[in-house]
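What follows is each chain in one-letter form.
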Amino acid sequence: MKGFFLKITKIEIENMFSYFGKSEIEFSKRNAVLGENGFGKTSFLNSLKFAFGRDFENYQNRNATSRASVKVVTEDFTIFRDIELQIDFGDEVLKDDEAKEFLNSNFPDEILDFLFFDGEIENIAISNSKALKKIISIVFDFDILQNLENDLKRVRNRLLKKTESKELDRFKSLNQEKVDFCLEIHKLEESRENLQKEISQISKEIQKIDSKIVKESEEVGKFETQIGIEEANLKEKTELFKKINLFQFPLILNSDLSSSVSKDENFLTIKSEDELKKRLEEFYSATQSGVGKSDFIELFYSIFKSSFLNLKTEISKEELFQLFTEISEISSEIEKLKSEQREVTKNNSKTLELQKSRNALSEKLKNLELQKSESDSKIGVLKEKLKKVESNLRIEFLNQKEKVSALRSIEEIDKQVELTKELLESEIEKSVQKFNFEFQKNLEPFYKKYPLEEKLFLKDFSLEVSQLSAGQKQIVNFILIQTLLEISNLTETIFVDTPFGRLSNENRKLILEIYKTFPSLTLLLTSSEEVAISKEEFSVFQISQNSKGSEIG
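Presented here is an overview of the structure given in this document. Predicted model, so just to flag it, every value in this text is computed and none were measured.

### Brief notes about the packing of aromatic side chains
- Scanning all chains against the criterion turns up 16 aromatic pairs.
- Ring centres of F77 and F102 lie 5.8 Å apart, and the angle between their planes is 85°; this geometry places the pair in the edge-to-face category. Of this pair, F77 sits in the loop between strand 4 (69-74) and strand 5 (78-81) while F102 sits in helix 2 (residues 96-106), and the two are 25 residues apart along the sequence.
- Note on F102: relative accessible area 12%, which makes it buried.
- Here F446 and Y450 contribute two aromatic rings whose centre-to-centre distance is 5.1 Å and whose plane-to-plane angle is 50°, an arrangement assigned as tilted. Here F446 and Y450 have matching classes, each one buried.
- Ring pairing ties together the aromatic residues F27, F44, F52, F77, F89, F102, F107, F116 and F495, which thus form one cluster.
- Sitting above the plane of the F50 ring, R81 keeps its charged end 4.0 Å from the centroid.

This is the structure:
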């Protein structure tokens, strides 16, 4: 609060309100001022408020002949007020208007009601959100930002008067066009930038899909290559087997034929075609082939009709069976590879899905690129229009330089006002969070005694207390004040006119527990409530009354 930490050490009241003559109190940490209802507790609070600048009608005791006055001594300054007002800082004295300005600036009405709290006013801290907002603003120094905002607005209004002329209408209109074009271009450029990011992202996704498709295709291709190699090998072996079948099988299986072949000779000589046909008929009869006899002999004979006289006999039975085994193994390997290829192809239905995804992304990419192209075109058109507007603005600026400068200053002030508002909102949000955190800790004893469906939080500088009774509201009031005192560097002094007369014994105990947390406290109680305080903890003062008025002793 403007650098002042309020700690009141002494009060002198003379002929103020219900008080007759001079009453004086020097304060310790804990004080209790006792007085029956109507004896002067409210007059005591009002005298303090009067000292701190609040005006009242009829503050003079009607029985007093000398002037009414109040003196408040704090650690930083002394206030004396009767008809006149002065504040003594030791090395400087403020009087009347200067003193009033100091008090109004540092101790506005909301702060006075907070420091000198009338507990009988049931909802002061709860329902009066405007007053509470002012208190919190001062506690957290928000009033500095609010004053800055108000000062900026005052300067803006003065400048605005300089710009009120028809000559500026065209400039304002052109300037608004410029702003509109700039905003539209900015939005389009943002949209284009987002489109470009999306295009880049989709292009990367397409590249990834292409890599996956190539990888899957390569896997299928490997099987194609392996199968091709094995099939070529099978063909070679099969051709050899066919030749052996046709050329040598009769010799291998027919012992009579083979016995006529010398082991030292590589070739068997056939004397005539008729002899060959005769032996083929014998072979056909021995094999009992399913093919027709004439077809079989003709087929076999046609292979050799140009060179039937020589039959190669370089293979044994064992070698023949080995060849047959190799053919079987190669055939099995081919079948295995084809089976694996079918499985991979089947599993690679994923490839088809990848291809579908790629096609969909390609279509989306095409549309995005079209949108980007359209944005580029729109931006180009708007920038051309903007150039013309800026050119006309320069001309108008030269014609109305002084007024335009004032207008530009207003624009800058508007920016500053907006920034100040944002900063104020941010600071308020952080401070309200801090307040609510401490508030919840202080409310724990209250929650234990009164379990609520919904906890109490400060929102928009007010509390939702419709679920509370009048007595519960009183307690929440004091817990709120307790929290503000704990988190602020505002005061060590607080005066409370208690609502004990309207509270149950249990609630009195709860409030007394809250009071114990206050750094410095003066309670105003009725004499019948004296039992509620400990004289060991409190310095006790008694308000008495005679025919002329009240006094404190």
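### Some points on the sheet that holds strand 11 (residues 495-497)
- One open sheet accounts for six strands, arranged 8-11-12-3-13-14; its pairing is mixed. Edge positions in the sheet fall to strand 8 (116-118) and strand 14 (550-552), since each of these pairs with one other strand and no more. Taking the axes of each pair of neighbouring strands and ignoring which way they run, one obtains an average angle of 15° across the sheet.
- Sheet topology places strand 8 next to strand 11; three bridges connect them, and they run parallel. Looking across to strand 11, one finds that D118 is bridged to D497.
- Each of strand 3 (30-34), strand 8, strand 11, strand 12 (521-525), strand 13 (539-545) and strand 14 is contacted by helix 1 (residues 41-51), which is oriented at about 145° to strand 11, the strand it contacts most.

### A short note on the sheet that holds strand 2 (residues 22-26)
- Spatially, 2-1-4-5-6-7 is the arrangement adopted by the six strands of the open sheet, whose pairing is antiparallel. Single-partner strands in this sheet number two, and they are strand 2 and strand 7 (93-95). Neighbouring strand axes in the sheet, compared pairwise and without regard to direction, differ in orientation by 10° on average.
- Where strand 6 (residues 85-88) meets strand 7, three bridges bridge the pair, whose relative direction is antiparallel. Within strand 7, the position partnered with D88 by the bridge is V93.
- Of the strands in this sheet, strand 1 (8-14), strand 2, strand 4, strand 5 and strand 6 touch helix 1, which is tilted by about 75° from strand 4.

### With respect to the environment of I487
- For I487, the location among the structural elements is in helix 13 (residues 470-487).
- Through-space distance from the C-alpha of I487 to that of F140 is 9.0 Å; in sequence the pair is 347 residues apart.
- Ignoring any residue separated from it by four or fewer positions in sequence, one finds I487 in contact with F140, K434, F435 and E438.

### Let's talk about the pairing of strand 2
- Judged by which residues are buried, strand 2 turns out to be one-sided: S23 and I25 face inward and are buried, whereas K22, E24 and E26, on the alternate face, are not.
- By the bridge criterion, five bridges tie strand 1 to strand 2 in an arrangement that is antiparallel. Directly across from E12, in strand 2, lies its bridge partner E24.

### A few points about the packing of helix 13 against helix 14 (residues 505-515)
- The interhelical angle for the contact between helix 13 and helix 14, taken along N-to-C directions, is 5°, at an axis separation of 10 Å. Between helix 13 and helix 14, the angle falls in the class roughly parallel. Residue-level contacts link I475, F478, I479 and Q482 of helix 13 to N507, L510, I511, I514 and Y515 of helix 14.

### Quick notes on helix 1
- In terms of burial, helix 1 is a largely internal element, 10 of the 11 residues being buried.
- Those residues of helix 1 lying buried are K41, S43, F44, L45, N46, S47, L48, K49, F50 and A51.
- A positive phi of about 110° marks G53, the residue just after helix 1.

### Observations regarding the side chain of N106
- Position of N106 relative to the elements: it lies in helix 2.
- In terms of polar contacts, N106 uses its side chain to reach the backbone carbonyl oxygen of F102, at 2.9 Å.

### Observations regarding the pairing of strand 12
- Taken across its five residues, strand 12 has five buried, putting it largely inside the fold.
- On strand 12, burial covers both faces: L521, L523 and L525 on one face and T522 and L524 on the other are all buried.
- Note that strand 3 and strand 12 share five bridges and pair parallel. From the neighbouring strand, N31 faces strand 12, where its bridge partner is T522.
- Examined bridge by bridge, strand 11 and strand 12 share three bridges and lie parallel to one another. The residue bridging V496 from the neighbouring strand is L523, located in strand 12.
- Regarding the hand of the β-α-β motif, the stretch spanning strand 11, helix 14 and strand 12 is right-handed.

### Topic: helix 2
- Regarding helix 2, the residues found buried are A99, F102, L103 and N106. Buried residues of helix 2, viewed axially, fall in a sector of 95°; they line one side. Residues of helix 2 that are exposed and angled more than 90 degrees away from the buried face: D97 and E101.
- Residues of helix 2 that are buried sit in contact with helix 1, strand 5, strand 6 and strand 7.

Analysis parameters
Residues numbered from 1 in each chain as written. Predicted model: local features only at pLDDT ≥ 70, side-chain atom pairs only at ≥ 80, totals over all residues. Heavy atoms only, no water. Phe/Tyr/Trp six-rings, centres within 6.5 Å; stacked < 30°, edge-to-face > 60°. Helix = DSSP H or I, 4+ residues; strand = E, 2+ residues; numbered from the N terminus. Buried < 20%, exposed > 50% of the residue type's maximum accessible area, 1.4 Å probe, protein only. Lys NZ or Arg CZ within 6 Å of the ring centre and 35° of its normal. Pairing = 2+ DSSP bridges. Axes fitted to C-alpha atoms, helices over the stretch in contact; angles between N-to-C directions. Contact = heavy atoms within 4.5 Å. Parallel < 35°, antiparallel > 145°, perpendicular 65-115°, else oblique. Polar contact = N/O pair within 3.5 Å; in protein donor to acceptor, adjacent residues only side chain to side chain. Right-handed = clockwise from strand over helix to strand, strands pointing away. Arc of directions from axis to C-beta.

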